[in-house]
Amino acid sequence: MQVWVANDYDEMSRQAAQLIADLIRKKPTAVLGLATGSTPLGLYAELVRLHQQEGLDFSRVTTFNLDEYWGLADDHPASYHRFMWDNLFSKINIRPEAVHIPSGVAADLDAECARYEEQIRRAGGIDLQVLGIGHNGHIGFNEPGTPFSSRTHRCVLTTDTRTANARFFASMDQVPREAVSMGIATIMEARRILLLANGSNKAAAIGAAVHGPVSEEVPASVLQRHPDVIVLVDRAAAARLQKAS
Ligand code: PGA
């Protein structure tokens, strides 16, 4: 694992965007794996700026998002479909048909999960997967205890995760209890992984992911087994790292 410590959130976001921009310039048909949540908002704002001011071209890029809440339609204000269109896709020149996000309302969930895996395969696999991390070490919506062999699947959210995400909903009751997420094996097939975290409330999870035992109880610890992972964090999230560059 490479560990990069940025001075603050803005620098972390700029460095992440630069990594993605370099990939797209080198490989205009790059396949990106994308994440939602507060962490990548600065990254997406910077990618929009690079598109608008420096002509970064997304016209041949393909994307696959990690997850979606189960039960939320694409146009629900708190859906990850809406999040991605509002914060990134509507502001860059990506082709709508090149955007992939699991459906939270598929009639046949198993078929939807299989279809998602097949779409990733047909696109040639993911070149660079962006990840955030939960306080409990989750990646995507793969909560502690999720098998490392998991593929795209329906998952039950922990109370910790629902509480952390309640800020996006009117009340805790409205926070979905389940989601559809790429599995851990799906994520591990990405050729390169960029794990982002900022803030002191992520320091313990980052410490456990990087230095802790590799265990299904800390889903992000599996990344220690991946050959090309960049952990890019701000100083606050680096507080529990033993050595940082
Ligand atoms: P956050 O979520 O970016 O909103 O902190 C990250 C996650 O739960 O994976």
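Rules used in this analysis
- Residues numbered from 1 in each chain as written.
- Predicted model: local features only at pLDDT ≥ 70, side-chain atom pairs only at ≥ 80, totals over all residues.
- Heavy atoms only, no water.
- Pairing = 2+ DSSP bridges.
- Helix = DSSP H or I, 4+ residues; strand = E, 2+ residues; numbered from the N terminus.
- Axes fitted to C-alpha atoms, helices over the stretch in contact; angles between N-to-C directions.
- Salt bridge = Lys/Arg side-chain N within 4 Å of Asp/Glu carboxyl O.
- Buried < 20%, exposed > 50% of the residue type's maximum accessible area, 1.4 Å probe, protein only.
- Near = heavy atom within 4 Å.
- Polar contact = N/O pair within 3.5 Å; in protein donor to acceptor, adjacent residues only side chain to side chain.
- Parallel < 35°, antiparallel > 145°, perpendicular 65-115°, else oblique.
- Left-handed = near helix turned anticlockwise from the far one by under 90°.
- Contact = heavy atoms within 4.5 Å.
- Nonpolar A, V, L, I, M, F, W, Y, C, P; charged D, E, K, R; others polar.

(A) Seen up close, the sheet that holds strand 4 (residues 67-69). Taken in spatial order, the three strands make up an open sheet running 4-8-7, and their pairing is antiparallel. The sheet is open, and its two borders are formed by strand 4 and strand 7 (153-156), each paired with just one other strand. When strand polarity is set aside, the average angle formed by the axes of neighbouring strands in this sheet is 30°. Relative to strand 8 (residues 178-181), strand 4 runs antiparallel, the two sharing three bridges. Bridging from a neighbouring strand, Glu 68 pairs with Val 180 of strand 8.

(B) Examining the pattern of salt bridges more closely. Tallying each qualifying case throughout the model produces 13 salt bridges. The partner of Glu 54 in a salt bridge is Arg 49, with the nearest N and O atoms 3.4 Å apart. On the basis of relative accessibility, which here comes to 48%, the residue Glu 54 falls in the partly exposed class. The partner of Asp 127 in a salt bridge is Arg 191, with the nearest N and O atoms 2.9 Å apart. On the criterion of sequence distance, the pair formed by Asp 127 in the loop between helix 4 (109-122) and strand 6 (128-131) and Arg 191 in the loop between helix 6 (184-188) and strand 9 (192-197) is long-range, its members being 64 residues apart. Its relative accessible area of 9% is what places Asp 127 among the buried residues. Judged by relative accessible area, which is 42%, Arg 191 ranks as partly exposed. Salt bridges sharing common partners tie together Lys 27, Asp 127 and Arg 191.

(C) Region of the structure containing the site of the ligand. Around the ligand sit Gly 37, Ser 38, Thr 39, Gly 132, Ile 133, Gly 134, His 138, Arg 167 and Lys 202, and those are all the residues in its vicinity. Contact distances for the ligand include 2.5 Å between an oxygen atom and a side-chain N or O atom of Thr 39. One of the side-chain nitrogen or oxygen atoms of His 138 is found 2.7 Å away from an oxygen atom of the ligand.

(D) Quick look at the packing of helix 1 (residues 9-26) against helix 2 (residues 41-54). Viewed as axis vectors pointing N to C, helix 1 and helix 2 meet at an angle of 50°, and their least axial separation amounts to 8 Å. On the basis of the axis angle, helix 1 is oblique to helix 2. The two elements helix 1 and helix 2 meet at a crossing, and its hand is right-handed. For the pair helix 1 and helix 2, the contacting residues are Tyr 9, Ser 13, Arg 14, Ala 16, Ala 17, Ile 20, Ala 21 and Arg 25 in the first and Leu 41, Gly 42, Leu 43, Glu 46, Leu 47, Leu 50 and Glu 54 in the second. When grouped by side-chain class, the residues that make up the contact of helix 1 with helix 2 number nine nonpolar, two polar and four charged.

(E) Layout of the sheet that holds strand 5 (residues 99-100). Strand order across the open sheet formed by seven strands is 1-10-9-6-2-3-5, with parallel pairing between neighbours. The sheet terminates laterally at strand 1 (2-6) and strand 5, the two strands that pair on one side only. As defined by bridge partners, strand 1 adjoins strand 10 (residues 229-234) across five bridges and the pair is classed as parallel. If you follow Val 5 over to strand 10, its bridge partner there is Val 233. Along the sheet, helix 4 contacts strand 3 (62-65) and strand 5; its crossing angle with strand 3, the most-contacted strand, is approximately 150°.

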